[in-house]
Amino acid sequence: MEQKTIPLSYVNKKGNIEVFAINIDNRTTQSFPDRLLSHQDSISAETSSQGVRDNYGSTSGQESAKVRAARLSSVTHGSSILSFHDINYEVDVKKSACGKKVKKQILKDVNGIFRPGMNAILGPTGSGKSSLLDVLAGRKDPKGLTGTILLDGAPLPDNFKCLVGYVVQDDVVMGTLTIRENFEFSATLRLPSNIKKHERKERIDQVIYELGLTEVADSKVGTEFIRGVSGGERKRCNIGMELIISPPVLFLDEPTTGLDASTANAVMLLLKRLADRGRNIIFSIHQPRYSIYRLFDSLMLLSHGDVAYHGKACEALDYFASVGYICEEHNNPPDFFLDVINGDSTAVSSTQAAEANGTVGNSNQTEKKTSASGAAEDAIVTVEESSRSLRDLFRNSKWHTSVQSELKPIIDAHKQFSNNVRIKRTKIEYNTSFFTQLLTVSKRCIKNISRNPHVSIMQFVVIAIFALIVGGVYFQINKSKESGIQNRAGAFFFIIMNQVFGNMSAVELFIKERAIFM
């Protein structure tokens, strides 16, 4: 019987990746992507309450919703490791309206690994952090994209975005529905069809408890005309829409956008609790405060598509100090990182140099010449080092060597396996049929119209007024063949044109709220 060698990777107790090989025969051989499909089946096992009993012998169906959700939330989720190797992404852009398209490289040889925990992608505007997040989540067009992305050492299946959770920057919840109803909509469409109704309800209760939304679960999210929940609760509702499927990896694009400092900190603390339960959370963030920064487990800094740093967040300051960029006391580390990337790190040093020359500061205060000259020397060193490439500095550091030592066994095992065995990329299909999707979306649309009657009432009023005008114009029209047919044709023309152009406004609304309705 033919034997095949399959390399496997796993995370040991110390959090390091180890790769080993096993020999199995053809009857038990499974391609790597099949392990990803088993994740959806585990959702049913996780949420099922059949046969589960408490210490008193009662089934979980007799538990209260809060107790049941607390019990289910205590389960530690399986860990998934996402690694990416030599990612390059370029797009076609036009310099002018009639000019030729030119290639613009967004990501350049990006390598990294994200383990279960809080994994932050930080960088200034235009650095490529949102593009990298979309690439890892399988939401970018493969045209112009090269590189390898592996989940637990296995290639990603087709339609990978159906397997993971992705929380976009803007809200994707229906404001006229309650938080529970929004979760029910997501559960109906995204959970496997073999999950029963009471099991979906348990899953929804679990997510509500995990997100701390028990008190406002039956409150409407809110719109411009309807008073709803707070901004932080609204953001947690967006996160819950993705947590319904228990994704192996949860992506978030700017989760603190539009929130005040206190609310943003509360949302990030919530994500930290989810990460502590074994979830792999990857998010892009622009400029967090220190209380949020210290929650990060892993940090990746991007500068114009290049990796300026990747490693433990707690070691980022040590790395920059080793290459000559020293963060001054009481300065926020994320602000310092962005200053270095933007080339503004000399601001403080330049001020010190100015103080050394006596051009800045209070005239009543005097500086010692020795300290002034020392500040000037520091300024000169910092200016010289700021001209060096951040990418080259990182690639010559021990932190880059450490990352490569973790990535090399994974990509080597993948290449060895792909050379010996043909890997079939399994496509992740939608969990529900087209009819179920149409029925669910239609029900939600009817609820939205019934709870927001202002638009519908105005439409009826406009139609009634138009009917009176057309009826008045064509009232008691001539019944002769010559003019009567022409008058009736004109009436039908105005009625049809009114219906056509009156509904054209829905096209703009659909494009604007496409993320909500789809």
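Residues numbered from 1 in each chain as written. Predicted model: local features only at pLDDT ≥ 70, side-chain atom pairs only at ≥ 80, totals over all residues. Heavy atoms only, no water.

Here's the deal with the overall build of the chain
Let me state the cut-off plainly: Numbering of helices and strands runs from the N terminus; a helix is a DSSP stretch of H or I covering at least four residues, while a strand is a stretch of E covering at least two. Summary of the burial criterion: residues with accessible area below 20% of their type's maximum are buried, those above 50% are exposed, and those between are partly exposed, where the area comes from a 1.4 Å probe applied to protein chains only. Throughout, a residue-residue contact means that at least one pair of heavy atoms, one from each residue, lies within 4.5 Å.
Looking only at helices and strands, the chain has 19 helices and twelve strands in total. Within the chain, the fraction of its 518 residues that count as buried is 42%. Taking as baseline every contact in the chain between residues at least 6 positions apart, the subset at least 24 positions apart corresponds to 74%.

Notes on the UniProt feature "transmembrane region" (unreviewed entry) in the chain
Put simply, the rule reads: UniProt positions are given in the numbering used here, feature names are shortened, and annotations may be inferred rather than shown by experiment.
Per the UniProt annotation, the sites labelled "transmembrane region" (unreviewed entry) are residues 457-477 and 489-511. Along residues 457-477 the backbone is 81% helical and 0% strand, and the end-to-end C-alpha distance reaches 31 Å.

What to know about the sheet that holds strand S8 (residues 165-167)
Selection rule: At least two DSSP bridges between two strands are required for those strands to pair. For helices, the axis comes from a line fit to the C-alpha atoms of the stretch in contact; other axes are also lines fit to C-alpha atoms, and the angle between any two N-to-C directions lies between 0 and 180 degrees.
On the basis of which strands lie adjacent, the open sheet formed by six strands has the order S8-S9-S10-S5-S11-S12 and mixed pairing. With one partner strand each, in any of the chains shown, S8 and strand S12 (306-312) form the two edges of the open sheet. When strand polarity is set aside, the average angle formed by the axes of neighbouring strands in this sheet is 15°. Where strand S9 (residues 249-253) meets strand S10 (residues 280-285), five bridges bridge the pair, whose relative direction is parallel. Among the inter-strand pairings, Phe251 is bridged to a residue of S10, identified as Ile282.

Here's the deal with a nonpolar patch on the surface
Stated formally: Patch criteria: residues need more than 30% relative accessible area and no salt bridge. Like-charged residues are merged within 9 Å; nonpolar side chains of Val, Leu, Ile, Met, Phe, Trp and Tyr are merged within 5 Å. For the accessible areas, the method is Shrake-Rupley and the probe is 1.4 Å, while residue cover comes only from the protein chains on display. Just to be clear on terms, a salt bridge is a Lys or Arg side-chain nitrogen sitting within 4 Å of an Asp or Glu carboxyl oxygen.
A cluster of nonpolar side chains, namely Phe492, Ile496, Val500, Phe501, Met504 and Val507, defines an oily patch on the protein surface of about 620 Å² accessible area. Sort the elements by how many residues they give to the nonpolar patch and helix H17 (residues 481-502) lands first, with four residues.

Things to note about the packing of aromatic side chains
We describe a pair of aromatic rings using the distance from one ring centre to the other and the angle between the two ring planes. Here is the rule we go by: The aromatic pairing rule takes the rings of Phe, Tyr and Trp, using the six-membered ring of Trp, and pairs them if the centres are within 6.5 Å, calling planes under 30 degrees apart stacked, those over 60 edge-to-face and the rest tilted. Charge-over-ring placement is defined geometrically: NZ (Lys) or CZ (Arg) within 6 Å of the ring centre, and within 35 degrees of the ring normal.
Per the stated rule, a full pass over the model turns up 16 aromatic pairs. Ring centres of Tyr309 and Phe394 lie 6.0 Å apart, and the angle between their planes is 70°; on these two criteria the pair is classed as edge-to-face. Placement of Tyr309 in strand S12 and of Phe394 in helix H13 (residues 390-395) is noted, with a sequence separation of 85 residues between them. With respect to burial, Tyr309 and Phe394 carry one shared label: buried. By the ring-pair criterion, three or more aromatic residues cluster together here, those being Phe283, Tyr290, Tyr293, Phe296, Tyr309, Tyr319, Phe320, Tyr325, Phe336, Phe337, Phe394 and Trp399. Its guanidinium or amino end placed over the ring of Tyr166, Arg139 lies 4.0 Å from that ring's centre, counting from NZ or CZ. The ring centre of Phe185 lies 3.9 Å from the NZ or CZ of Arg444, which sits over that ring.

Considerations on unusual backbone geometry
As a rule of thumb, non-glycine residues mostly have phi less than zero, and peptide bonds are mostly trans rather than cis. Within the chain, Ser246 stands out as a residue other than glycine whose phi angle is a positive 50°. Position of Ser246 among the secondary structure elements: in the loop between helix H6 (231-243) and S9. Located in the positive-phi region is His330, a residue other than glycine, with phi close to 70°. Tracing the chain through its elements places His330 in the loop between helix H9 (316-322) and helix H10 (333-342). Take His330: its relative accessible area is 79%, and that puts it in the exposed class.

What to know about the environment of Leu189
Its place among the elements puts Leu189 in helix H4 (residues 179-190). As for Leu189 and Phe434, which are separated by 245 residues in sequence, their C-alpha atoms are 10.0 Å apart. Look past the residues within four positions of Leu189 in its chain and what remains in contact with it is Asn431, Thr432, Thr436, Gln437 and Thr440.

Points about the packing of H4 against H6
Here is the rule: Relative orientations are named as follows: roughly parallel for angles under 35 degrees, roughly antiparallel for angles over 145 degrees, roughly perpendicular for angles from 65 to 115 degrees, and oblique for any other angle. Two helices crossing with the near one rotated counterclockwise from the far one by less than a right angle form a left-handed crossing, whereas a clockwise rotation gives a right-handed crossing.
Packing of H4 against H6 leaves a shortest axis separation of 9 Å and a crossing angle of 25°. In terms of their interaxial angle, H4 and H6 are classed as roughly parallel. Helix-helix and strand crossings are classified by hand; for H4 and H6 the assignment is right-handed. On the side of H4, the interface is formed by Ile179, Asn182, Phe183, Phe185, Ser186 and Arg190, while H6 contributes Cys237, Gly240, Met241 and Glu242.

A look at the packing of H4 against helix H15 (residues 434-451)
To be explicit about the condition: Think of it as three bins: nonpolar holds Ala, Val, Leu, Ile, Met, Phe, Trp, Tyr, Cys and Pro, charged holds Asp, Glu, Lys and Arg, and polar takes everything else, Gly as well.
With their axes 10 Å apart at the nearest point, H4 and H15 run at an angle of 165° to one another. As summarised for this structure, H4 and H15 are arranged roughly antiparallel, according to the angle between their axes. Seen along the crossing, H4 lies across H15 with a hand that is left-handed. Counted together, Glu181, Phe185, Thr188 and Leu189 of H4 and Thr436, Gln437, Thr440, Val441, Arg444, Lys447 and Arg451 of H15 form the full contact between these two elements. Residues belonging to the contact of H4 with H15 are distributed by class as follows: three nonpolar, four polar and four charged.

Considering the side chain of Glu181
Under the convention used in this document: Side-chain atoms alone can form a polar contact between residues adjacent in sequence; in general such a contact is a pair of N or O atoms within 3.5 Å, and within protein one must be able to donate a hydrogen while the other accepts it.
For Glu181, the location among the structural elements is in helix H4. Taking relative accessible area as the criterion, Glu181 reaches 17% and is therefore assigned buried. For Glu181, the side chain forms a polar contact with the main-chain nitrogen of Thr178, separated by 3.1 Å. In this structure, Glu181 is in contact with Lys447 and Arg451, ignoring residues within four places of it in sequence.

Quick look at the sheet that holds strand S6 (residues 145-151)
On the basis of which strands lie adjacent, the open sheet formed by four strands has the order S4-S3-S6-S7 and antiparallel pairing. Only two strands of the sheet have a single partner each, and these edge strands are strand S4 (101-114) and strand S7 (154-155). Summarising the sheet, strand S3 (residues 82-94) and S6 pair through six bridges and their orientation is antiparallel. Within S6, the position partnered with His85 by the bridge is Thr148. Running over the sheet, helix H3 (residues 129-136) touches S3, S4 and S6 and is turned about 70° from S4.

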